[in-house]
Amino acid sequence: MSLITPERPPAKRTRKPTGLFIPELVFFEPDALNYPKGERIMEWVKSRNIPYRMTTSHNRITNLPGETEVEQYKIAKRTLVVGLRKTLTFDQSKPSADYAIPIATGCMGHCHYCYLQTTLGAKPYIRVYVNTGDIIDAAKKYINERSPEITTFEAACTSDPLGLEHITGSLTELIEFMAEEPLGRLRFVTKYQHVEPLLKLKHNGHTRVRFSVNADYVIKNFEPATSRFEERIEAAGQIARAGYPLGFIIAPIIWHDGWEDGYSELLEKLAHALPPDIGKGLTFEMIQHRFTKTAKTVIEKRYPKSKLEMDIEKRKKKWGKWGQNKYVYPDEQQTALREFITERIFEHFPEAAIDYFT
């Protein structure tokens, strides 16, 4: 009599963690090498045998490899430029913060909808600034000018600084600076999970770390080259346990088939994954999808197969901050999105605060 051995179920494939950003090409401004951070980045580049070149200005990078515009764009997103931040007048950053604090410009992610597609125009390469001491001195002046009010600074208006922290260490410098400022606060948002350098820093609760989250449909279809949802949430738990104020940005909120189920599942996953006492002090920001005509043209050229809906006829025109009309959802859809997601947030996190919906 023969024995039949039952088949074992196939082993679950474990996915590799999302890796750290490693540029394929690096440019240096000569003056950047006069700063300790510039020297450290050069040593880092050489130790990894990354090709590098010198450039007169971080704002004028030309002759990138690639036969087509799309190829050049993809290569630019893997290109790092190391320079000095010469403009130390900070832009306003409403409704997120009082000012944007510029430690980097450009992002390694390929989010189809990102406003950086147009604000960076023909400069999609990633720029980091080595004169963080000058930037911090400028921030100190803003804090002093606004005293006795608290002044908040957003570090992620033009980049995802956490994705560059292993190269620059700039977030560490800002966090430790703000920790000693009674009237200074730092905020940044990220789509990456690489929070390890921040976990043991002295922050005094003066830095709020926010993670960008979304419905599964949005992350899978429109956020290539970013950390997976599960990785972001695991990192959020680490940040919470390290005592940082925590927040989530649900952005962009996209109206799609099954959006109610998608955003319900998102909030349910968050509630199950985070420490049970996380609700107090937790913040949410909600930003609906919007675009300009210029963005639509650029996105369709760079991501020709994207499923991103940008039908102007289905949208409401809204005057934009920078003099361009942007297209948002009609009032009825906006109201439905805001009310539904707000209800789900308070269902799972009754002690949380919603900072804004825009």
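The rules behind the values
- Residues numbered from 1 in each chain as written.
- Predicted model: local features only at pLDDT ≥ 70, side-chain atom pairs only at ≥ 80, totals over all residues.
- Heavy atoms only, no water.
- Salt bridge = Lys/Arg side-chain N within 4 Å of Asp/Glu carboxyl O.
- Helix = DSSP H or I, 4+ residues; strand = E, 2+ residues; numbered from the N terminus.
- Buried < 20%, exposed > 50% of the residue type's maximum accessible area, 1.4 Å probe, protein only.
- Polar contact = N/O pair within 3.5 Å; in protein donor to acceptor, adjacent residues only side chain to side chain.
- Contact = heavy atoms within 4.5 Å.
- Axes fitted to C-alpha atoms, helices over the stretch in contact; angles between N-to-C directions.
- Parallel < 35°, antiparallel > 145°, perpendicular 65-115°, else oblique.
- Left-handed = near helix turned anticlockwise from the far one by under 90°.
- Nonpolar A, V, L, I, M, F, W, Y, C, P; charged D, E, K, R; others polar.
- Core = buried A, V, L, I, M, F, W, Y, C linked by side-chain atoms within 4.5 Å.
- Pairing = 2+ DSSP bridges.

Let's talk about the pattern of salt bridges
Here's step 1: Enumeration over the complete set of coordinates arrives at 21 salt bridges.
Here's step 2: Glu 173 is the partner of Lys 37 in a salt bridge, and the nearest nitrogen-oxygen pair spans 2.6 Å. Taken together, the residues Lys 37 in helix 1 (residues 36-47) and Glu 173 in helix 6 (residues 170-179) connect sequence positions 136 residues apart.
Here's step 3: When the shortest N-O distance is used, the salt bridge between Glu 309 and Arg 315 registers 3.1 Å.
Here's step 4: Overall, Glu 309 belongs to the partly exposed group, its relative accessible area being 27%.
Here's step 5: A residue is classified by how much of its surface remains accessible, and Arg 315, at 9% relative accessible area, is buried.
Here's step 6: One network of salt bridges, in which partners are shared, links Lys 94, Asp 98, Arg 146 and Glu 149.

A closer look at the side chain of Thr 79
Here's step 1: You can see Thr 79 is positioned in strand 3 (residues 79-83).
Here's step 2: Given the relative accessible area of 0%, Thr 79 is considered buried.
Here's step 3: Reaching out from Thr 79, the side chain makes a polar contact with the backbone oxygen of Ile 75 at a distance of 2.8 Å.
Here's step 4: Excluding its chain neighbours within four sequence positions, the residues that come into contact with Thr 79 are Leu 25, Phe 27, Leu 64, Tyr 125 and Ile 126.

Some details on the environment of Phe 222
Here's step 1: Structurally, the position occupied by Phe 222 is in helix 7 (residues 216-222).
Here's step 2: Note on Phe 222: relative accessible area 1%, which makes it buried.
Here's step 3: In this structure the C-alpha to C-alpha distance between Phe 222 and Cys 107, which are 115 residues apart in sequence, comes to 15 Å.
Here's step 4: If sequence neighbours within four positions are ignored, Phe 222 has contacts with His 110, Cys 111, His 112, Tyr 113, Tyr 217, Ile 254, Ser 306, Lys 307 and Leu 308.

Considerations on the environment of Phe 349
Here's step 1: Position of Phe 349 among the secondary structure elements: in the loop between helix 11 (331-348) and strand 16 (353-357).
Here's step 2: Its relative accessible area of 4% is what places Phe 349 among the buried residues.
Here's step 3: Measuring from C-alpha to C-alpha, the distance between Phe 349 and Ala 122 comes to 42 Å, with 227 residues separating the pair along the chain.
Here's step 4: For Phe 349, the contacting residues outside a window of four places in its chain are Leu 267, Leu 270, Ala 271, Leu 274, Ile 278, Leu 282 and Phe 284.

Considering the packing of helix 8 (residues 229-241) against helix 9 (residues 259-273)
Here's step 1: Contact geometry for helix 8 and helix 9: axes closest at 10 Å, N-to-C directions at 40°. Taken together, the axis directions place helix 8 and helix 9 in an arrangement best described as oblique. Regarding helix 8 and helix 9, the two cross each other, and that crossing is right-handed. Counted together, Phe 229, Glu 230 and Ile 233 of helix 8 and Leu 266, Lys 269, Leu 270 and Ala 273 of helix 9 form the full contact between these two elements.
Here's step 2: Among the residues forming the contact of helix 8 with helix 9, the class breakdown is 5 nonpolar, no polar and 2 charged.

Description of the nonpolar core
Here's step 1: Ranked by size, the top nonpolar core spans 74 residues in total, and within it Phe 153, Phe 248, Ile 250, Tyr 263, Leu 270 and Phe 284 carry the most contacts.
Here's step 2: Once residues within four sequence positions are removed from consideration, Tyr 263 is found in contact with Asn 214, Ala 215, Val 218, Ile 250, Pro 252, Ile 253, Ile 254, His 256 and Ile 341.

Here we look at the sheet that holds strand 16
Here's step 1: Overall, mixed pairing links the 8 strands, which are arranged 4-5-8-9-10-11-12-16 in an open sheet. The sheet is open, and its two edges are formed by strand 4 (92-93) and strand 16, each paired on a single side.
Here's step 2: Here strand 9 (residues 184-190) pairs with strand 10 (residues 207-213) via 5 bridges, running parallel. Looking at the pairing, Phe 188 lines up with Val 209 of strand 10.
Here's step 3: Those strands touched by helix 6 are strand 8 (151-154), strand 9 and strand 10, and its axis lies near 150° from that of strand 9.

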